[in-house]
Amino acid sequence: MDLTGKILIAMPGMGDPRFAHSVVLLCAYSEDGAMGLIVNKSVEGMALAELFEQLEIEAKGESGTRDVFFGGPVETGRGFVLHTPDYRSELSTLDIDGRFAMTATQDVLEEIAEGRGPSGALVALGYSGWGPGQLEAEIADNGWLIAEPTQALVFHEDPANVWPEALKSLGIDPITLSATAGHA
């Protein structure tokens, strides 16, 4: 089972509050573990313009008005750009699954600031990581649902709607979910 390019949808009973109501796009998955970015939690009070300013990047147009996202609790000082595959960095871009790509070098931010970057992009600080077998155990304990993402969902204009829309993509009404789970 390869979960690269899938989304994880946190169940209501998720024990870790950092992941409550989260939707995570898995960027890499192997027997060594998994890495992903939360795509629906903005960093409170931080727009991309602030990040551009810290990195001394001059922004043109409205690129600086975008939210910066909390990608996860690991290495929160490190930035990642999840984007559409129409952009490739000269330095380093990870192809996720043909529908998404990720670049963690400053050149993609410079391109976004100039208005020449990818058609869809999400800038995140930190990432979500799991060691060998950890994610599989969380899935077995009913912590996560797995679904196919769409670009419209991942790059949604309103992050607050991503979790309920991800559930609806599986035919699940968020109101019907219980925070307790059982095993048959």
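Residues numbered from 1 in each chain as written. Predicted model: local features only at pLDDT ≥ 70, side-chain atom pairs only at ≥ 80, totals over all residues. Heavy atoms only, no water.

Student: Quick one: what's the story with the overall build of the protein, residue by residue and with numbers?
Tutor: Tallying secondary structure elements over the protein gives 5 helices and 10 strands in all. A compact globule built from 184 residues should have a C-alpha radius of gyration of about 16 Å, and the protein, at 16 Å, falls within 12% of that. Based on the C-alpha atoms only, the size of the protein along its principal axes is roughly 55 × 35 × 25 Å. Sorting the 184 residues of the protein into buried and exposed places 44% on the buried side. Relative to all contacts within the protein whose residues are 6 or more apart in sequence, the contacts with residues 24 or more apart total 65%. Carbon and sulfur atoms make up 50% of the accessible area of the protein, which totals about 9300 Å². One finds the centroid of the 10 positive side-chain charges in the protein at a distance of 3 Å from the centroid of its 28 negative side-chain charges. (Helix = DSSP H or I, 4+ residues; strand = E, 2+ residues; numbered from the N terminus. Rg over C-alpha atoms; globule rule 2.2 N^0.38 Å. Buried < 20%, exposed > 50% of the residue type's maximum accessible area, 1.4 Å probe, protein only. Contact = heavy atoms within 4.5 Å. Areas by Shrake-Rupley, 256 points an atom, 1.4 Å probe, with all protein chains shown as cover. Lys, Arg positive; Asp, Glu negative; His and termini not counted. Charge placed at Lys NZ, Arg CZ, Asp CG, Glu CD.)

Student: Quick rundown of the packing of aromatic side chains? Include the residues and the values.
Tutor: Two numbers describe a pair of aromatic rings. These are the distance of the centres and the angle of the planes. Following the criterion strictly, the structure yields 5 aromatic pairs and no others. Ring centres of W130 and W144 lie 6.1 Å apart, and the angle between their planes is 80 degrees; on these two criteria the pair is classed as edge-to-face. Highlighted residues: W130 in strand 9 (residues 121–130) and W144 in strand 10 (residues 144–147), separated in sequence by 14 residues. In this pair, the class of W130 matches that of W144, namely buried. (Phe/Tyr/Trp six-rings, centres within 6.5 Å; stacked < 30°, edge-to-face > 60°.)

Student: Summarise the pairing of strand 5 (residues 67–70); cite the residues concerned and give the values.
Tutor: Inspection of the sheet shows strand 4 (residues 42–47) paired to strand 5 by 2 bridges, in the antiparallel sense. Across the sheet, the residue bridging to S42 is F69, located in strand 5. Pairing of strand 5 with strand 9, which is carried by 3 bridges, proceeds in the parallel orientation. Of the residues in strand 9, the one forming a bridge with F70 is L125. (Pairing = 2+ DSSP bridges.)

Student: Requested: an account of the pattern of salt bridges, with residues and values cited.
Tutor: All chains considered together, the criterion is met by 7 salt bridges. Taking the shortest distance from any N to any O, the salt bridge between R18 and D16 comes out at 2.7 Å. For D16, a relative accessible area of 22% corresponds to the partly exposed category. Across the pair R99 and E148 runs a salt bridge whose closest N-O atoms are separated by 3.1 Å. Linking R99 in the loop between strand 7 (94–95) and strand 8 (101–103) with E148 in the loop between strand 10 and helix 4 (151–154), this pair joins segments that are 49 residues apart in sequence. (Salt bridge = Lys/Arg side-chain N within 4 Å of Asp/Glu carboxyl O.)

Student: Describe in detail the pairing of strand 2 (residues 23–30), supporting the description with residues and values.
Tutor: In regular strands, side chains alternate between the two faces of the sheet. Burial within strand 2 is extensive, with 6 of its 8 residues counted as buried. By the bridge criterion, 3 bridges tie strand 1 (residues 7–10) to strand 2 in an arrangement that is antiparallel. Within strand 2, the position partnered with I7 by the bridge is L25. As paired elements, strand 2 and strand 3 (residues 33–38) share 6 bridges and run antiparallel to each other. Counterpart to S30 in the pairing with strand 3 is G33. As consecutive antiparallel partners, strand 2 and strand 3 are separated by 2 residues.

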